[in-house]
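Now for the letters of each chain:
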Amino acid sequence: MTAVIRKALASEVEILADIAYVAWDKDLRPLLSGPAANRDLERRRMSHEVHANLERVIVADVDTVPVGWCSRARGRAYIPYLFVTPLLQGHGIGTLLLRRMETLLELEGRDRVQLNTLADNVRAVAFYQHQGYRILAMRPEDQSAHNPETSIRLEKRLSPYRGAISDTE
């Protein structure tokens, strides 16, 4: 299987929102409670987020079909979203998206990147640590006493690409 990483297109906002929603429903919703677990709110929120941040979204295609996406925040080295359709999780697509996004941030002059995930999302925390991220802090997902979710802030130092030089050109 080969994936192509490219910029997102305006015509696929809803497809990307659907990928995010399905991944959220499978992987994150079981860890949430109250309004944070509301399916309708999350579907609308994902559609809005993809649309509002389209110029900072990259997409992974397999056989010309979008199967995952990643976005970066405006004006800072932060990755708010990385989603891969559940059927293809564990096949390296998330790694490809994350590495490409890190390269884009490094080329913008950033020397580190941060992201958050739920502390109870053990699979995601392990994935990010395997990619070289380290845990910086844990904090409540929001400041209300009614929200039991805790998020983890992770960070990775970025470095320029290094590769061998060939004598034959």
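See above for the structure.
Residues numbered from 1 in each chain as written. Predicted model: local features only at pLDDT ≥ 70, side-chain atom pairs only at ≥ 80, totals over all residues. Heavy atoms only, no water.

Read across the sheet, four strands follow the order S1-S2-S3-S5 without closing on themselves; strand pairing throughout is antiparallel. With one partner strand each, in any of the chains shown, strand S1 (3–7) and strand S5 (81–84) form the two edges of the open sheet. Each neighbouring strand pair of the sheet contributes to a mean axis angle of 25 degrees, computed without reference to strand direction. Both strand S3 (residues 65–71) and S5 contribute to a ladder of four bridges, which runs antiparallel. Bridge pairing links serine 71 to tyrosine 81 in S5. With respect to the sheet, helix H1 (residues 13–28) is in contact with strand S2 (57–62), S3 and S5, its orientation differing from that of S3 by roughly 80 degrees. (Pairing = 2+ DSSP bridges. Helix = DSSP H or I, 4+ residues; strand = E, 2+ residues; numbered from the N terminus. Axes fitted to C-alpha atoms, helices over the stretch in contact; angles between N-to-C directions. Contact = heavy atoms within 4.5 Å.)

Time to look at the nonpolar core. The biggest cluster of nonpolar side chains holds 24 residues, and the ones touching the most others in it are Ile79, Ile93, Leu97, Tyr128 and Tyr133. At the level of elements, S2, S3, S5, helix H3 (93–107), strand S6 (112–118), helix H4 (122–130) and strand S8 (150–157) are the ones that each hand at least two residues to this core. Counting residues per element, this core draws most heavily on H3, at five residues. The residues touching leucine 97, leaving out its near neighbours within four places in the chain, are Ile5, Ile58, Val59, Ala60, Gly68, Trp69, Cys70, Leu82, Phe83 and Val84. (Core = buried A, V, L, I, M, F, W, Y, C linked by side-chain atoms within 4.5 Å. Buried < 20%, exposed > 50% of the residue type's maximum accessible area, 1.4 Å probe, protein only.)

A few words now on the layout of surface pockets. Size it by volume and the largest pocket reaches roughly 1,100 Å³. If you trace the largest pocket, you find 39 residues lining it, with Leu28, Leu82, Phe83, Thr117 and Asn121 closest to the centre. Secondary-structure elements contributing two or more residues to the lining of the largest pocket are H1, helix H2 (39–52), strand S4 (78–79), S5, H3, S6 and H4. Here the residues of the lining of the largest pocket are counted per class, giving 22 nonpolar, 12 polar and five charged. By volume, the second largest pocket amounts to about 200 Å³. Arg99, Glu102, Thr103, Glu106, Leu107, Lys156, Arg157, Leu158, Ser159, Pro160 and Tyr161 are the residues that line the second largest pocket. Among the secondary structure elements, those contributing two or more residues to the lining of the second largest pocket are H3 and S8. Take the lining of the second largest pocket: its biggest share by element is five residues, from H3. (1 Å grid on protein atoms, 1.4 Å probe; cavity = no way out; pocket = protein on both sides within 12 Å on 5 of 7 lines; lining within 4 Å. Points joined across faces, edges and corners; volume = space filled by probe spheres on them. Nonpolar A, V, L, I, M, F, W, Y, C, P; charged D, E, K, R; others polar.)

Interpretation note: all reported values are geometric properties and have no functional meaning in isolation.
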